[in-house]
Amino acid sequence: MDSMWETLQEFVVDYCDYLPDSIPELDKFPTPNEFLNNYVLTNLPFVVRCDESQHFPAVLLWKDPKYMRKKMAERKVTVAVTPDGRADSIVDDLFMIPEERTMLFDKFYDELHMRDINQVYYLQKQNNNLIEEFSPLVDDVASHIPWVTEAFSERPDAANIWMGDKRSVTSIHKDHYENIYCVITGQKKFYLYPPVSVAWMPYQKFKKFQWYYEGVHGREGKWHMKDLNEEVKWILPSHQPQTRNQFKMLLNTKSYVVDVCPGDVLYLPAMWFHEVHQTDKCIAVNYWYDMKFDMKYPFLKLLDKLCRLRTPRRDASVDKQIELEDSLLSDLHEKQKKLIKEELKLNRKFGGRVPKQ
């Protein structure tokens, strides 16, 4: 078993050696053939960086809140609300999904800029909301990306708009979509891990709960958790003690940090793990194209299953530290037991009254 584990470790390292040291940066869109052959088939991300107004009129137009309010007048939107900005994330060993509220866009925009520390608003509905709820703004961006649509011979499965501030953080996860991600205003920071990182990802099953806010007339309300009687398999946060060894190995695997600025377009291939942070008042749109379920899918499933046949061993320094901690605890327990015995003897000798020392 140890030899198999070492072989798997070597395989992941060898695989990452074939990845570039940094994410390729292009100064123009690739042709459909270049996109398909150089990036999709190799499952490699890239970012296109050029003049911020070149891709979409929205890069300039959406800087003006009056413009967006006018275009979205009397339109209702679906908004995710949480107490801390962590939607679809692990909170106190529970998988928490946000409360969803339907409100006028004007109301959402006002709330977004009020900075209520108890309620964080994030526009993150993923069911083609750009086309359905934000149809007045579609002409400022696009309903699809032509060079991608031509490469895949199909239009995107969904086009979405994302809008929030820096308190909204997306926990580490992967998607079964080919993702074209375009930042319009603000800046997004992507932490990217290749699909073979599944070997070290500390998945665990969690009970699924939902936030809901219960307001009291004339006073500030309180957040509560609703049990949805479901379980979700998700990745533990890196700060959890039980994940430190796996995340240590993950950090030794090749990974990337990419800043995506206004006008930039990121291609995030299917099955790449990613965690996303953003600057204040950030707006982005993305296009999900269906992933082709080819040989890479069963390959990654096999890798995941093989790596979970045993728990990864800790390195020597961690073992030594834990051994020292266990030894100190053992000594402390022995001293406590000795003191208790001495106290019992004194109690018996003095009839339950221990003289003052």
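Since the structure is predicted, the reported quantities are computational estimates derived from the model, not experimental observations.

Going residue by residue along strand β14 (residues 256-260), you find Y256, V258 and V260 tucked away on one face and V257 and D259 left uncovered on the opposite face. In this sheet, β14 lies alongside strand β11 (residues 188-193) in antiparallel orientation, the contact comprising five bridges. Looking across to β14, one finds that L192 is bridged to Y256.

A few words on helix α1 (residues 2-17). Its 16 residues place the ends of α1 23 Å apart at the C-alpha level, agreeing with the 22 Å of an ideal helix rising 1.5 Å per residue. Along α1, the residues that are buried comprise W5, L8, V12 and C16. End-on, the buried residues of α1 take up no more than an arc of 70 degrees, which puts them together on one face. The outward face of α1, more than 90 degrees from its buried face, is lined by the exposed residues S3, E10 and D17.

Moving on, we get to the packing of aromatic side chains. A full pass over the atoms with the stated rule returns 22 aromatic pairs. Seen from their ring centres, F46 and Y267 are 5.5 Å apart, and the 40 degrees between their planes marks the pair as tilted. Separated by 221 residues along the polypeptide, F46 in strand β2 (residues 46-48) and Y267 in strand β15 (residues 265-268) bring together distant segments of the chain. For the pair formed by F46 and Y267, the shared burial category is buried.

Turning to the nonpolar core, a few remarks are in order. Judged by nonpolar contacts, the single largest core of 54 residues is most densely connected at F35, W62, F108, I180 and Y287. With sequence-adjacent residues up to four places away left out, I180 is seen in contact with F35, I145, V148, V265, L266, Y267, V285, N286, Y287 and Y289. Ranked by size, the runner-up nonpolar core spans 38 residues in total, among them W5, C16, V183 and F273.

Helix α9 (residues 296-307) packs onto α1 with a crossing angle of 140 degrees between their chain directions and a minimal axis gap of 10 Å. Put simply, α1 runs oblique to α9. Note on packing geometry: the crossing formed by α1 with α9 is left-handed. Note on element contacts: α9 touches α1 through F299, L303, L306 and C307, opposite M4, W5, L8 and F11. For the contact of α1 with α9, the residue count by class is eight nonpolar, no polar and no charged.

In this section: the sheet that holds strand β17 (residues 282-290). Read across the sheet, six strands follow the order β1-β2-β15-β10-β17-β8 without closing on themselves; strand pairing throughout is mixed. Only two strands of the sheet have a single partner each, and these edge strands are β1 (25-26) and β8 (158-164). Its contacts with the sheet place helix α2 (residues 32-40) against β1, β2, β10 (177-185) and β15, and it is angled at close to 50 degrees to β15.

Right, let's get into the sheet that holds strand β3 (residues 76-82). Here we have three strands laid out as an open sheet, ordered β6-β3-β7, and antiparallel in their pairing. Both edges of this open sheet fall to β6 (99-104) and β7 (120-122), since each of them pairs with a single strand only. Here the average twist between neighbouring strands, direction ignored, is 40 degrees. Two strands pair when backbone bridges link them, and β3 and β6 are joined in this way by six bridges, in the antiparallel orientation.

Position of K125 relative to the elements: it lies in the loop between β7 and α6 (129-132). Taking the relative accessible area as the measure of exposure, K125 reaches 24% and is therefore partly exposed. Taking the C-alpha atoms as reference, K125 lies 7.3 Å from N160; in sequence the two are 35 residues apart. If sequence neighbours within four positions are ignored, K125 has contacts with T78, E133 and N160.

Let's shift gears to the confidence of the model for the protein. Regions with low pLDDT should not have their predicted coordinates read in detail. Model confidence for the protein is summarised by a mean pLDDT of 84, while 80% of its residues fall at 70 or above. Ignoring residues within four places in sequence, the model shows residues 352-357, a span with pLDDT below 50, making four contacts including any to other chains.

The residue Q278 is located in strand β16 (residues 273-278) in this model. Here D165 takes part through its backbone oxygen, which lies 2.7 Å from a polar atom of the side chain of Q278. Within the local environment of Q278, its side chain forms a polar contact with the side chain of K188, the two groups lying 2.5 Å apart. In contact with Q278, not counting residues within four places along its chain, are Y122, G164, D165, K166, S168, Q187 and K188.

Scanning the entire structure with this criterion turns up 14 salt bridges. With its nearest N and O atoms 3.7 Å apart, the salt bridge here joins E230 to K208. Here E230, found in strand β13 (residues 219-235), pairs with K208, found in strand β12 (residues 203-216); they are 22 residues apart in sequence, far enough to count as distant. The exposure class of E230 is partly exposed, given its relative accessible area of 41%. Classification of K208 as buried rests on a relative accessible area of 18%. Measuring nitrogen to oxygen at the nearest pair gives 3.3 Å for the salt bridge that ties D280 to K281. When its relative accessible area of 27% is taken as the criterion, D280 is described as partly exposed. Taken together, the salt bridges that share partners define one network made up of E25, R49 and D264.

Cut-off values and rules
- Residues numbered from 1 in each chain as written.
- Predicted model: local features only at pLDDT ≥ 70, side-chain atom pairs only at ≥ 80, totals over all residues.
- Heavy atoms only, no water.
- Buried < 20%, exposed > 50% of the residue type's maximum accessible area, 1.4 Å probe, protein only.
- Helix = DSSP H or I, 4+ residues; strand = E, 2+ residues; numbered from the N terminus.
- Pairing = 2+ DSSP bridges.
- Expected span 1.5 Å × (residues − 1).
- Arc of directions from axis to C-beta.
- Phe/Tyr/Trp six-rings, centres within 6.5 Å; stacked < 30°, edge-to-face > 60°.
- Core = buried A, V, L, I, M, F, W, Y, C linked by side-chain atoms within 4.5 Å.
- Contact = heavy atoms within 4.5 Å.
- Axes fitted to C-alpha atoms, helices over the stretch in contact; angles between N-to-C directions.
- Parallel < 35°, antiparallel > 145°, perpendicular 65-115°, else oblique.
- Left-handed = near helix turned anticlockwise from the far one by under 90°.
- Nonpolar A, V, L, I, M, F, W, Y, C, P; charged D, E, K, R; others polar.
- pLDDT = per-residue confidence, 0-100.
- Polar contact = N/O pair within 3.5 Å; in protein donor to acceptor, adjacent residues only side chain to side chain.
- Salt bridge = Lys/Arg side-chain N within 4 Å of Asp/Glu carboxyl O.

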